[in-house]
Amino acid sequence: MATTVVTRRPTAAAALGLAGALVLAGCANPTDGGTTEVAAAPGGKTKINISPDQNRVTTGKVDSIAAEVPEKIRERGTLEIVDSSGSAAPLTFRATDNKTVIGVEPDLAHLVADVLGLEPHLNTVSWENIFVGLDSGKYDVGLSNITVTEERKEKYDFATYREDNLGFEAKKGSGLKVDGPEDVAGRTVAVGSGTNQEKLLVEWSKENEKAGRKPVDIKYYQNDSDTYLALQSGRVDLYLGPNPTAAYHAATTGKTEVVGTCSGAGAGLQGLIAATTKKDNGLAKPLADALDHVIENGTYAKVLKRWGLSGEAVRKSEVNPPGLPENGS
């Protein structure tokens with residue numbers, strides 16, 4: 001069992017109404033090498049490089065941390081990383097060549113591999129196949145905006161690296177505002193199947209029914225383009241997804257807006273995104289130690305800043321911290 005790293009972490013006493021982690025302006029500018037401008041909390045602007053020539057932030061190997069990696073992986077010399085193939089800027093998406101996988105998740109994956117002295121091998125698959133591959137041992141670690149939940153902790157170990165905030169996206173000018181479960185009662189809301197966003201939305205719907213309000217009409221779509229088409233056509237009122245992607249989409253299209261945010265772990269607990277490994281495979285602690293190292297040496301902050309996500313930084317990586325409760329308990 002991986003050793004638990006204990007650290008003090010502020011919880012969200014009031015998880016709703018969180019300030020957006022990301023405020024964006026502008027869109028891709030082909031004459032400027034493929035960039036989009038980001039105004040990242042707590043201030044200042046950053047230009048995101050969306051070209052295939054990423055010039056990623058790098059760091060050196062740390063022998064003492066690399067020695068913690070299980071022998072089988074050390075001998076292989078590669079870190080098999082799995083990420084979602086779905087386009088979700090600025091988390092993971094395709095560059096302007098429509099081929100190169102870029103984003104904050106691939107950047108952090110490369111940074112951790114640097115510390116461990118391993119060659120990063122990024123595998124992009126569908127969301128559900130991330131967990132199938134981790135279960136079978138095909139992949140060593142998932143870095144794909146995976147939220148720590150109590151249910152997932154039964155099968156996986158986690159090393160946290162970002163805060164998890166969710167955003168409700170609506171058609172621009174809708175007049176909607178989401179501060180809590182009552183604001184989605186009777187509303188039609190799109191959400192990704194198998195995500196913690198879905199779990200939280202289902203719990204909110206149950207809470208509404210208990211209070212005598214209408215349940216949420218939850219809709220699922222195969223891909224983001226179908227979801228946004230439904231949002232624009234009025235077939236759904238809201239879309240619940242990761243706040244960074246909601247903010248990015250709203251700013252770059254000008255057709256939607258974020259009308260509410262909440263913690264990905266529900267009220268009273270700040271949700272956390274984590275590097276995810278098969279339980280007891282021995283990687284969680286070296287991953288957490290590698291993340292702590294890049295937090296301390298400043299390269300972690302550089303990666304988050306270049307993607308406009310400084311507002312989601314953590315002070316320390318935690319192994320298997322409290323996550324989204326099972327059954328809303």
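A short tour of the structure in this document, coming up. These figures come from a predicted structure and were not determined experimentally. (Residues numbered from 1 in each chain as written. Predicted model: local features only at pLDDT ≥ 70, side-chain atom pairs only at ≥ 80, totals over all residues. Heavy atoms only, no water.)

What about the packing of aromatic side chains?
Both the distance between ring centres and the angle between the ring planes are used here to describe each pair of aromatic rings. Tallying each qualifying case throughout the model produces six aromatic pairs. Taken together, a centroid distance of 6.2 Å and an interplanar angle of 50 degrees make the contact between Phe93 and Tyr248 tilted. Of this pair, Phe93 sits in strand S5 (residues 93–94) while Tyr248 is found in helix H7 (residues 243–253), placing the two residues 155 residues apart along the sequence. We classify Phe93 as buried; its relative accessible area is 7%. Taking 5.9 Å as the distance between ring centres and 85 degrees as the angle between the ring planes, the aromatic pair formed by Phe93 and Trp307 counts as edge-to-face. Of this pair, Phe93 sits in strand S5 while Trp307 sits in the segment after helix H9 (299–306), and the two are 214 residues apart along the sequence. (Phe/Tyr/Trp six-rings, centres within 6.5 Å; stacked < 30°, edge-to-face > 60°. Helix = DSSP H or I, 4+ residues; strand = E, 2+ residues; numbered from the N terminus. Buried < 20%, exposed > 50% of the residue type's maximum accessible area, 1.4 Å probe, protein only.)

Some words on the packing of helix H3 (residues 104–116) against H9
At a minimum axis distance of 9 Å, the contact between H3 and H9 shows a crossing angle of 165 degrees. Classified by the angle their axes make, H3 and H9 are roughly antiparallel. Where H3 crosses over H9, the handedness of that crossing is right-handed. From H3, Val104, Asp107, Leu108 and Leu111 reach across to H9, where they touch Thr299, Tyr300, Val303, Leu304 and Arg306. Class assignment for the residues of the contact of H3 with H9 results in six nonpolar, one polar and two charged. (Axes fitted to C-alpha atoms, helices over the stretch in contact; angles between N-to-C directions. Parallel < 35°, antiparallel > 145°, perpendicular 65-115°, else oblique. Left-handed = near helix turned anticlockwise from the far one by under 90°. Contact = heavy atoms within 4.5 Å. Nonpolar A, V, L, I, M, F, W, Y, C, P; charged D, E, K, R; others polar.)

Things to note about the packing of H3 against helix H8 (residues 284–297)
Pairs of packed helices are described in terms of their axes, by the angle between the two and the distance that separates them. Contact pair H3 / H8: the axes reach a minimum separation of 9 Å and the direction vectors enclose 105 degrees. Looking at the two axes, H3 sits roughly perpendicular to H8. Judged by residue contacts, Leu111, Val112, Val115 and Leu116 of H3 engage Pro286, Leu287, Ala290, Leu291, His293 and Val294 from H8.

Some thoughts on the pairing of strand S10 (residues 188–191)
The alternating pattern of S10 places Thr188 and Ala190 on one face and Val189 and Val191 on the opposite face, and all of these are buried. Pairing of S10 with strand S12 (residues 238–242) involves three bridges; the strand directions are parallel. Note on S12: the bridge partner recorded for Val191 is Leu240. (Pairing = 2+ DSSP bridges.)

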